Amino acid sequence: MPETEAHVETDLVSRLEEAADRFVSHLRMNEGFDEQALLQLQEEIDHCGTAWREHPHVPKRAALILAELFPAIEACAWLYEGNMRQRIQEAGAMVSEAVIAALD
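Heads up: these notes are all about the structure in this document. (Residues numbered from 1 in each chain as written. Predicted model: local features only at pLDDT ≥ 70, side-chain atom pairs only at ≥ 80, totals over all residues. Heavy atoms only, no water.)

### Some remarks on the nonpolar core
In terms of nonpolar packing, the biggest core is built from 29 residues, with Leu 16, Phe 23, Leu 27, Leu 41, Ile 45, Leu 69 and Val 95 touching the most fellow members. At the level of elements, α1 (3-28), α2 (35-52), α3 (60-77) and α4 (82-103) are the ones that each hand at least two residues to this core. Ranked by residue count, the leading element in this core is α1, at eight residues. The contact partners of Leu 16, leaving out residues within four places of it in the chain, are Leu 41, Glu 44, Ile 45, Cys 48, Ala 62, Ile 65 and Leu 66. (Core = buried A, V, L, I, M, F, W, Y, C linked by side-chain atoms within 4.5 Å. Buried < 20%, exposed > 50% of the residue type's maximum accessible area, 1.4 Å probe, protein only. Helix = DSSP H or I, 4+ residues; strand = E, 2+ residues; numbered from the N terminus. Contact = heavy atoms within 4.5 Å.)

### So, the packing of α3 against α4
Packing of α3 against α4 leaves a shortest axis separation of 8 Å and a crossing angle of 175°. Accordingly, the angle class assigned to the pair α3 and α4 is roughly antiparallel. Mapping the contact onto sequence places Leu 66, Leu 69, Phe 70, Ile 73, Glu 74 and Ala 77 in α3 and Arg 85, Ile 88, Gln 89, Gly 92, Ala 93, Val 95, Ser 96, Val 99 and Leu 103 in α4. Per-class residue counts for the contact of α3 with α4 are 10 nonpolar, three polar and two charged. (Axes fitted to C-alpha atoms, helices over the stretch in contact; angles between N-to-C directions. Parallel < 35°, antiparallel > 145°, perpendicular 65-115°, else oblique. Nonpolar A, V, L, I, M, F, W, Y, C, P; charged D, E, K, R; others polar.)

Geometry only, nothing functional implied.
Written out as structure tokens, the structure is:
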């Protein structure tokens, strides 16, 4: 893989990881639901899907991040009650759908 392509791939994975950490860490730390962080996460998932659409593989680090997103969000939902729990579970489903669409 050419150096510039490797750099772009590393940058994409880093941005994906930062967006995932930002959204999930707010939930995990019981700081509530960050709508902007969710939107940023969805954008980064979309960017990755677009960039990797023609590639035969997804970088391992990215695959691990994407695979862990839904279980992490679902686990955080149980820290909350009522409507907030439901909203977090819905966000988890939306993120899961975004991952599937990006990798399809």
